[in-house]
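Chain by chain, the residues:
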Amino acid sequence: MNPLKLLDPNYLFDPTPGQSFLFFWPMMVFFILLFASSWYAKKQIHSMPNAKVAAEFLGRVPTRIREFAIAGMFLTFFRDQDIPWFGMRFATILLFALMLFYAYSIHKKYKEGISARISHVQQKKIVDKYLPKPKKRK
């Protein structure tokens, strides 16, 4: 495959790209592994040192991974079956671009928000330490 062909609009936006799709199985395996890795990602998020804070920022990531994987499987299937307009190369490239953009935005949000949230929780513990406590009953 020549990657420079992706710059040609006729190649990229062809509604019926043809049945010479050699990357069906590698792409299906990739999307199946992506789908399966979402459960591992969920497990890793809940086992992080600050699990509640991490779940606040990363809680929806495994679900979004599953959505991207299912959409990718459908687009790959449509491309293999040569279904017009659904099997366009542009749709698959757009899906990969959206996946990269989502990963970048989550990474940026996590890096900016996690340090502020952890410092806020630590300050709250210090302030709560001096608040009046209810009476202990005997």
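Predicted model, so just to flag it, every value in this text is computed and none were measured.

K.L.:
Quick one: what's the story with the overall build of the protein chain, residue by residue and with numbers?
P.N.:
On a plain count of helices and strands, the protein chain comes out with five helices and zero strands. Scanning the protein chain from its N terminus toward the C terminus, one meets helices and strands in the order α-α-α-α-α. A globule of 138 residues ought to have a C-alpha radius of gyration of about 14 Å, yet the protein chain, at 23 Å, is considerably larger. Each of the 138 residues in the protein chain was classed as buried or not, and the buried ones make up 26%. The long-range fraction of contacts in the protein chain, counting pairs at least 24 apart against all pairs at least 6 apart in sequence, stands at 78%. Accessible surface for the protein chain amounts to roughly 10600 Å². Of this, 67% is attributable to carbon and sulfur atoms.

K.L.:
Could you give me a rundown of the packing of aromatic side chains, with the residues and numbers involved?
P.N.:
The final tally for this structure, using the stated rule, is 10 aromatic pairs. Ring geometry for Phe 24 versus Trp 25: centroids 4.9 Å apart, planes at 75°, classification edge-to-face. Where Phe 35 meets Trp 39, the ring centres are 5.1 Å apart and the plane angle is 75°; that geometry is what we call edge-to-face. Of the two residues, Phe 35 and Trp 39 are both situated in helix α2 (residues 24–46); the distance of four residues between them amounts to about one turn of the helix. Relative accessible area serves as the criterion here: at 25%, Phe 35 is assigned to the partly exposed category. On the accessibility criterion, Trp 39 (47% relative accessible area) is partly exposed. Ring pairing ties together the aromatic residues Phe 74, Phe 77, Phe 78 and Phe 86, which thus form one cluster. For Arg 89, the ring lying beneath its charged end belongs to Tyr 11, and the centroid distance is 3.8 Å.

K.L.:
Break down the confidence of the model for the protein chain for me, citing the residues and quoting the values.
P.N.:
Across the protein chain, the average pLDDT comes to 86, with 99% of residues at 70 or higher. The least confident element of the protein chain, judged by mean pLDDT, is helix α3 (residues 51–58) at 78; the most confident is helix α4 (residues 61–81) at 94.

K.L.:
Give me the packing of α2 against α4: which residues, what numbers.
P.N.:
It is at 8 Å that the axes of α2 and α4 come closest, and there the two elements cross at 170°. Classified by the angle between their axes, α2 and α4 sit roughly antiparallel to one another. Within the contact between the two elements, α2 uses Phe 24, Met 27, Met 28, Phe 31, Ile 32, Leu 34, Phe 35, Ser 38, Trp 39, Ala 41, Lys 42 and Ile 45 and α4 uses Pro 62, Ile 65, Arg 66, Phe 68, Ala 69, Ile 70, Gly 72, Met 73, Thr 76, Phe 77 and Asp 80. When the residues that make up the contact of α2 with α4 are grouped by side-chain class, the tally is 17 nonpolar, three polar and three charged.

K.L.:
Please give an account of the side chain of Arg 79 that cites residues and values.
P.N.:
Locating Arg 79 in the fold gives a position in helix α4. Ignoring any residue separated from it by four or fewer positions in sequence, one finds Arg 79 in contact with Pro 17, Gly 18, Phe 21, Gly 87 and Arg 89.

K.L.:
Explain unusual backbone geometry to me, and be specific about the residues and the numbers.
P.N.:
We note that Asp 82 has phi near 60°; this positive angle belongs to a residue other than glycine. With respect to the secondary-structure elements, Asp 82 resides in the loop between α4 and α5 (89–129). Positive phi values are uncommon outside glycine, yet Trp 85 reaches one of about 70°. Along the chain, the position of Trp 85 falls in the loop between α4 and α5.

Rules of the game
Residues numbered from 1 in each chain as written. Predicted model: local features only at pLDDT ≥ 70, side-chain atom pairs only at ≥ 80, totals over all residues. Heavy atoms only, no water. Helix = DSSP H or I, 4+ residues; strand = E, 2+ residues; numbered from the N terminus. Rg over C-alpha atoms; globule rule 2.2 N^0.38 Å. Buried < 20%, exposed > 50% of the residue type's maximum accessible area, 1.4 Å probe, protein only. Contact = heavy atoms within 4.5 Å. Areas by Shrake-Rupley, 256 points an atom, 1.4 Å probe, with all protein chains shown as cover. Phe/Tyr/Trp six-rings, centres within 6.5 Å; stacked < 30°, edge-to-face > 60°. Lys NZ or Arg CZ within 6 Å of the ring centre and 35° of its normal. pLDDT = per-residue confidence, 0-100. Axes fitted to C-alpha atoms, helices over the stretch in contact; angles between N-to-C directions. Parallel < 35°, antiparallel > 145°, perpendicular 65-115°, else oblique. Nonpolar A, V, L, I, M, F, W, Y, C, P; charged D, E, K, R; others polar.

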